[in-house]
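Here are the chains, one letter per residue:
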Amino acid sequence: MESFDELLRLAKAAHGHLCAGQILGVRMALLGLERLGIADPRGADRKRFITYVEIDRCATDAIAVVTGCRLGKRALKFRDWGKMAATFVEVATGRGIRVVAHEDSRALADELYPHLETKRERQMKAYRELPDAALFREQWVRVAIEPADLPGSPGDRVKCAHCGEGINFGRFTHVAGERLCLSCASPQLRYWEP
Ligand SMILES: [Zn+2]
Ligand SMILES: [Zn+2]
């Protein structure tokens, strides 16, 4: 694995800027991978685990960089819960480590480094220097990964009987004997309107 600074450099390049979230995300991912015993996440170990993230903020990009888990590889799962948390899961066993950033770490940063001028500087220094236990809560969890959520084969590609659009990964439902995409089956849940 690259050094912390090298990972931070990669995260900055992928995310577009260096921010406290990048430092926090790199730290979260390193901790989770260490707990799972994953030493080469983007190489030899890349198929051994997947990652669930619970927020779409800066840190999530850094987690994707360090773990190599990407949406397009089906190895990054997004649960839109607005929490600074991520779970790193061993695919073979469903054993996972959920890492949550402590809510009070920002206040702690202000307390520890009052001599630094901006909140951003104080946070970046705290996220870089504080030990894991001061920044994160860890919890071993079990994750039942649905077979349809695993990386790999897209399954039979099905055509929606209503809109005609193709559907991968079994994401259809039966309505009155027809196979419908989730959008046609539940139009009230659509994020768009024509
Ligand atoms: Zn950022
Ligand atoms: Zn449809």
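Scroll up for the structure.
Residues numbered from 1 in each chain as written. Chains lettered and ligands numbered in written order. Predicted model: local features only at pLDDT ≥ 70, side-chain atom pairs only at ≥ 80, totals over all residues. Heavy atoms only, no water.

Caption draft 1: Seen up close, the coordination of the zinc ion (ligand 1). With distances of 2.1 to 2.4 Å, the protein atoms coordinating the zinc ion (ligand 1) are His 15 (NE2), His 17 (NE2), Cys 19 (SG) and Cys 58 (SG). Every donor counted, the 4 donor atoms about the zinc ion (ligand 1) form angles of 92 to 139° at the centre, which fits irregular coordination. Here the donor residues of the zinc ion (ligand 1) are spaced in sequence according to H-x1-H-x1-C-x38-C. Residue His 15 is classed as buried on the basis of its relative accessible area of 18%. (Donors = N, O, S within 2.8 Å, 3.2 Å for Na, K, Ca; no water. Tetrahedral: all angles 85-135°; square planar, octahedral: opposite > 155°, others 65-115°. Buried < 20%, exposed > 50% of the residue type's maximum accessible area, 1.4 Å probe, protein only.)

Caption draft 2: Geometry of unusual backbone geometry. One non-glycine residue, Phe 169, lies in the positive phi region at around 60°. You can see Phe 169 is positioned in the loop between strand E7 (166–167) and strand E8 (172–175). Accessibility expressed as a relative area gives 25% for Phe 169, which makes it partly exposed. A positive phi is found at Ala 176, a non-glycine position, where the angle reads about 50°. Here Ala 176 falls in the exposed class, since its relative accessible area comes to 79%. (Helix = DSSP H or I, 4+ residues; strand = E, 2+ residues; numbered from the N terminus.)

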